[in-house]
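Report on the structure
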Amino acid sequence: MTEQFQPELNLGANNLPYSVPIHLQFVHMTLGLFIIAIIFDIAGTLFPLEKPIFKFFGLTALRSSLFTVGWYNLFAATVITFFTVAAGFFELFLATPPPGTSAWGLSAGTTMLIHGVAGVFILTAIVGMTLWRGLQRYRWRRSARREVQWSYLLVGIAMLGILFIHGTLGAQLGDEFGIHNTAANLVRQGQNPNLVLK
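This structure is a prediction, so every number in the text was calculated from the model and none was measured.

**Here we look at the overall build of the chain**
Scanning the chain from terminus to terminus reveals 7 helices and 0 strands. Starting at the N terminus and walking to the C terminus, you meet the elements of the chain as α-α-α-α-α-α-α. Here the chain holds 198 residues, and the buried ones make up 37% of them. A fraction of 72% describes how many contacts in the chain between residues 6 or more apart in sequence connect residues 24 or more apart. Per element, the accessible surface of the chain, about 12,100 Å² overall, is 68% carbon and sulfur.

**Remarks on the pattern of salt bridges**
Close approach of charged atoms lets side chains of opposite charge pair. In total, this model carries 3 salt bridges according to the counting rule given. The closest approach of N and O atoms between E147 and R133, which form a salt bridge, is 2.6 Å. With E147 in the loop between α4 (108-140) and α5 (150-175) and R133 in helix α4, this residue pair connects regions lying 14 residues apart in the sequence. Comparing E147 with R133, the two get one shared label, buried.

**Concerning α5**
Here α5 contains 26 residues, and its C-alpha end-to-end distance of 37 Å stays within 8% of the 38 Å for a straight helix at 1.5 Å per residue. Taken together, the buried positions of α5 are Y152, L153, G156, M159, L163, H166, L169, Q172, L173 and G174. The secondary structure elements touched by the buried residues of α5 are α1 (22-45), α3 (63-93) and α4.

**What about the packing of α3 against α4?**
α4 packs onto α3 with a crossing angle of 155° between their chain directions and a minimal axis gap of 9 Å. Viewed along their axes, α3 and α4 adopt a mutual orientation that is roughly antiparallel. In this structure, the crossing between α3 and α4 has a hand that is left-handed. Looking at side-chain class alone, the contact of α3 with α4 contains 17 nonpolar, 8 polar and 2 charged residues.

**With respect to a nonpolar patch on the surface**
Among the surface-exposed residues, F75, V79, F82 and F83 lie close enough to one another that they form a single nonpolar patch of about 400 Å² accessible area. Take F82: it is sitting in helix α3. The exposure class assigned to F82 is partly exposed, which follows from its relative accessible area of 47%.

**So, the environment of V127**
Considering the arrangement of structural elements, one finds V127 in helix α4. Measuring from C-alpha to C-alpha, the distance between V127 and F75 comes to 8.5 Å, with 52 residues separating the pair along the chain. Setting aside chain neighbours within four positions, we find V127 in contact with T78 and F82.

**A look at the packing of aromatic side chains**
Tallied over the entire structure, the rule returns 5 aromatic pairs. With a centroid separation of 5.9 Å and an interplanar angle of 25°, the aromatic rings of F26 and F83 are classed as stacked. Taken as a pair, F26 in helix α1 and F83 in helix α3 lie far apart in primary sequence, 57 residues in all. Between the aromatic rings of W71 and F75, the centroid separation amounts to 5.9 Å while the plane-to-plane angle is 45°, which identifies the pairing as tilted. In this pair, W71 and F75 both sit in helix α3, 4 residues apart, roughly one turn of the helix.

Rules used throughout
- Residues numbered from 1 in each chain as written.
- Predicted model: local features only at pLDDT ≥ 70, side-chain atom pairs only at ≥ 80, totals over all residues.
- Heavy atoms only, no water.
- Helix = DSSP H or I, 4+ residues; strand = E, 2+ residues; numbered from the N terminus.
- Buried < 20%, exposed > 50% of the residue type's maximum accessible area, 1.4 Å probe, protein only.
- Contact = heavy atoms within 4.5 Å.
- Areas by Shrake-Rupley, 256 points an atom, 1.4 Å probe, with all protein chains shown as cover.
- Salt bridge = Lys/Arg side-chain N within 4 Å of Asp/Glu carboxyl O.
- Expected span 1.5 Å × (residues − 1).
- Axes fitted to C-alpha atoms, helices over the stretch in contact; angles between N-to-C directions.
- Parallel < 35°, antiparallel > 145°, perpendicular 65-115°, else oblique.
- Left-handed = near helix turned anticlockwise from the far one by under 90°.
- Nonpolar A, V, L, I, M, F, W, Y, C, P; charged D, E, K, R; others polar.
- Patch = residues over 30% accessible without salt bridge, like charges linked within 9 Å, V, L, I, M, F, W, Y side chains within 5 Å.
- Phe/Tyr/Trp six-rings, centres within 6.5 Å; stacked < 30°, edge-to-face > 60°.

Below is the structure:
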């Protein structure tokens, strides 16, 4: 009979094998890149209205450059989001849901489940938007002045709302339930974070 290999992880006060949750770092990169992508595509779309403002401030801006920034930021957001979701699931599997409910009336376990499933949905949506955006850039609207479709921008704006709700669920896990929150875990264990974390 062979023994199954099970790696032992040296978990710290935050129940992770490292001092700072990695998922949070990737989350902010995903959010920043995606938000910038949508904002620059909106700026490129509304460029005729903004051109006098750029001229007034002495800024030389090209419409095509705004769309280029939008495209590359969305592409980077797609790549980073794979790491965001992978780190999220790794840290999710190491989490122990505490009792209680959030401000939205959800238990920690339910919040974790919704946050995890929604993370996969968001990854799929961002990949789909990147494919859609790439087809607009390199095929459908290659010679058009406005590189993106209005429907694409509306979906992008809706995604910003979804990301806000999703991020709020994640924030509740750390803030209200103390999941992977070092200070909250130490207090729960009856220890003083000011003494332990020196």
